[in-house]
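# Structural description and commentary
What follows is each chain in one-letter form.
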Amino acid sequence: MRKPEFRALCKGVADGEERFVEDLTLHAIGKVTSCSGNHFQVQFDEKSQSWPSETCRERMDIASKKSA
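The paragraphs below set out a description of the structure included in this document. From a predicted model like this one, the values you see are computed outputs, not experimental measurements.

### Observations concerning the overall build of the protein chain
The helix and strand tally for the protein chain stands at two helices and five strands. The N-to-C order of helical and strand elements in the protein chain reads α-β-β-β-β-β-α. A compact globule built from 68 residues should have a C-alpha radius of gyration of about 11 Å, and the protein chain, at 11 Å, falls within 12% of that. Per-residue burial over the protein chain gives 29% buried out of 68 residues. Taking as baseline every contact in the protein chain between residues at least 6 positions apart, the subset at least 24 positions apart corresponds to 41%. Approximately 4,400 Å² of the protein chain is accessible, and the part contributed by carbon and sulfur atoms is 51%. Across the protein chain, 11 positive and 11 negative side-chain charges occur, with their mean positions spaced 3 Å apart.

Structure below.
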């Protein structure tokens, strides 16, 4: 994920939006709870993990399904 996308996603999370990312190396999807440096803090499998933004992409389809 590029830095502008990372910053925009982190701003959304800070503003209280529910955002999800997929880690392309783990093949896992987690809910972003915060950002630090160039990492996402995500809730995945009922645990908190840190994922590097370089290996992630946003999954907008997850959020839209949950709000529907």
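This is not the end of the story, as more comes after the structure.
### Some remarks on the state of the cysteines
One pass over the full model with this rule turns up one disulfide. Disulfide pairing places Cys10 opposite Cys35 at an S-S distance of 2.0 Å. Between Cys10 and Cys35, the S-S dihedral sits near -100°, and the bridge is therefore left-handed. Separated by 25 residues along the polypeptide, Cys10 in helix α1 (residues 3-14) and Cys35 in strand β2 (residues 28-36) bring together distant segments of the chain. Judged by its relative accessible area of 14%, Cys10 is buried. Sulfur of Cys56: no disulfide; nearest cysteine sulfur belongs to Cys35 and is 10 Å away.

### Focus: the environment of Cys10
A C-alpha to C-alpha distance of 17 Å links Cys10 and Phe44, two positions 34 residues apart in sequence. Not counting chain neighbours up to four residues away, the residues in contact with Cys10 comprise Cys35 and Phe40.

### Side note on the side chain of Glu22
Residue placement: Glu22 occurs in strand β1 (residues 20-23). Discounting chain neighbours no more than four positions away, the residues touching Glu22 are Ala28, Ile29, Trp51, Thr55, Cys56, Arg57 and Arg59.

Rules used throughout
- Residues numbered from 1 in each chain as written.
- Predicted model: local features only at pLDDT ≥ 70, side-chain atom pairs only at ≥ 80, totals over all residues.
- Heavy atoms only, no water.
- Helix = DSSP H or I, 4+ residues; strand = E, 2+ residues; numbered from the N terminus.
- Rg over C-alpha atoms; globule rule 2.2 N^0.38 Å.
- Buried < 20%, exposed > 50% of the residue type's maximum accessible area, 1.4 Å probe, protein only.
- Contact = heavy atoms within 4.5 Å.
- Areas by Shrake-Rupley, 256 points an atom, 1.4 Å probe, with all protein chains shown as cover.
- Lys, Arg positive; Asp, Glu negative; His and termini not counted.
- Charge placed at Lys NZ, Arg CZ, Asp CG, Glu CD.
- Disulfide = S-S within 2.5 Å.

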